[in-house]
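Each chain, letter by letter, is given below.
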Amino acid sequence: MRTDPEELERLRRMMADLHPAGPPRARIVQRAPGGMGVSAGCLGVLDASFNPMTLAHHGMVEKARRTCGLNEVLLMLSRSNVDKKVFGADLGQRLAMLLAYAEGRSDISVAGCSHARFIDKAEALRALYVHGTRFYFIVGYDTLQRLFDPGYYADMQEDLHPLFETSRIVAANRGCHGLEQMRTLMERPECRPFTDRVDFIHLAERYTRISSTRVRQRRRRGEPIRDLVLGEVAEAIEAMGLYLH
């Protein structure tokens, strides 16, 4: 089982081996049996903290798959995160939840990554997928803001150009931030050179207000969470006794 102590320890060791002090590296934990294989195609990449994976993440995957014609979707967990420290579920437990979600979904892969910035993630992924693969990074509004925040770069224009040579961004509305706000963001002078590399998807309102924070709060209060996460993720959370304190 994915939540067995030995399996969790293996996943923890794998993430610990992806050290952010070295060059960007990614490691496939589970390859989609019905994915691209050795062929080039369109790979959707949803990289998040997954603490835990929610129905909102699932909604983003499904909408991006339909809108962009994705051949495979990779759920990627980064060891280092630009703005967040590890709390709640550890990295091995988060991978276990992603593997529970991927079980039975033939086009879903799961991976760990050493680095947090998209330019580094893309470099790491190019070593794992064949030349010609197009990466579609699936993000929410808050992540879209961070991607185009000059404060994260020595030279944002120069740093982002290599990313967009092989990648597109697929941005989804979140909370009160809809398509209009995302388009306004991309009209900023520093964003305009990349506008044609960003696609927008619209999620139903029921998804936009779901968050991992709400799941953790519900668990601490002893309230049900199955309207916020898929059944297989809820079962993994319960099996590992997560978010009770």
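Preceding this paragraph is the structure being described.
Now for a look at the structure at hand. As the structure is a computational prediction, the values presented were derived from the model and not from experiment.

## Side note on the sheet that holds strand β1 (residues 26-30)
The strands making up a sheet associate through backbone hydrogen bonding, with each pair oriented either parallel or antiparallel.
Right, on to step 1. Strand order in this open sheet of seven strands is β1-β4-β3-β2-β5-β6-β7, and the pairing throughout is mixed. Edge positions in the sheet fall to β1 and β7 (198-201), since each of these pairs with one other strand and no more. In this sheet, adjacent strand axes meet at a mean angle of 30 degrees when their direction is disregarded.
Right, on to step 2. One ladder, built from six bridges, connects strand β5 (residues 134-140) with strand β6 (residues 167-172); its direction is parallel. Within β6, the position partnered with Phe135 by the bridge is Ser167.
Right, on to step 3. Packing against the sheet, helix α2 (residues 55-68) makes contact with β2 (42-47), β3 (72-78), β4 (108-113), β5, β6 and β7, and its axis sits at approximately 140 degrees to β5.

## Brief notes about the packing of aromatic side chains
The way to describe two aromatic rings as a pair is by their centre distance and the angle between their planes.
Right, on to step 1. Counted by the stated rule, this structure contains five aromatic pairs.
Right, on to step 2. Between Phe148 and Phe164, the ring centres sit 6.2 Å apart and the planes meet at 5 degrees, which makes this aromatic pair stacked. Remark: Phe164 occurs in helix α6 (residues 156-166) and Phe148 occurs in the loop between α5 (141-147) and α6; sequence separation between them is 16 residues. One exposure class covers both Phe148 and Phe164, and it is buried.
Right, on to step 3. Against the face of Tyr101 rests Arg105, its NZ or CZ located 4.1 Å from the ring centre.
Right, on to step 4. The aromatic ring of Phe118 is capped on one face by Lys121, whose charged end is 4.0 Å from the ring centroid.

## Notes on α6
Right, on to step 1. Taken as a whole, α6 has its buried residues at Met156, Leu160, Leu163, Phe164 and Thr166. Along the axis of α6, the buried residues cluster in a sector spanning 165 degrees; they form a single face. Away from its buried face, by an angle of more than 90 degrees, α6 presents the exposed residues Glu158 and Glu165.
Right, on to step 2. Elements in contact with the buried residues of α6: α4 (118-126), β5, α5 and β6.
Right, on to step 3. By the N-cap criterion, in which a side-chain oxygen at the helix start approaches the backbone nitrogen of a residue two or three places on, α6 is capped by Asp155, the distance to Gln157 being 3.3 Å.

## A few points about the environment of Arg216
Right, on to step 1. Secondary-structure assignment places Arg216 in helix α9 (residues 212-220).
Right, on to step 2. Under the relative-accessibility criterion, Arg216 is labelled buried at 11%.
Right, on to step 3. As a C-alpha pair, Arg216 and His245 span 29 residues in sequence and 9.1 Å in three-dimensional space.
Right, on to step 4. Contact partners of Arg216, with chain neighbours within four places excluded, come to Asn51, Pro52, Phe87 and Tyr243.

## Description of the pattern of salt bridges
When their charged atoms lie close together, side chains carrying opposite charge are able to pair.
Right, on to step 1. A complete count under the given rule lists 15 salt bridges for this structure.
Right, on to step 2. Between Arg65 and Asp107 there is a salt bridge; the shortest N-O distance is 2.8 Å. Of this pair, Arg65 sits in helix α2 while Asp107 sits in the loop between α3 (91-102) and β4; the two residues are 42 residues apart in sequence, bridging distant segments of the chain. Accessibility assignment for this pair places Arg65 and Asp107 in one class, buried.
Right, on to step 3. A cluster of three or more residues bridged by salt bridges with shared partners is formed by Arg218, Arg221, Glu223 and Asp227.

Conventions we followed
Residues numbered from 1 in each chain as written. Predicted model: local features only at pLDDT ≥ 70, side-chain atom pairs only at ≥ 80, totals over all residues. Heavy atoms only, no water. Pairing = 2+ DSSP bridges. Helix = DSSP H or I, 4+ residues; strand = E, 2+ residues; numbered from the N terminus. Axes fitted to C-alpha atoms, helices over the stretch in contact; angles between N-to-C directions. Contact = heavy atoms within 4.5 Å. Phe/Tyr/Trp six-rings, centres within 6.5 Å; stacked < 30°, edge-to-face > 60°. Buried < 20%, exposed > 50% of the residue type's maximum accessible area, 1.4 Å probe, protein only. Lys NZ or Arg CZ within 6 Å of the ring centre and 35° of its normal. Arc of directions from axis to C-beta. Polar contact = N/O pair within 3.5 Å; in protein donor to acceptor, adjacent residues only side chain to side chain. Salt bridge = Lys/Arg side-chain N within 4 Å of Asp/Glu carboxyl O.

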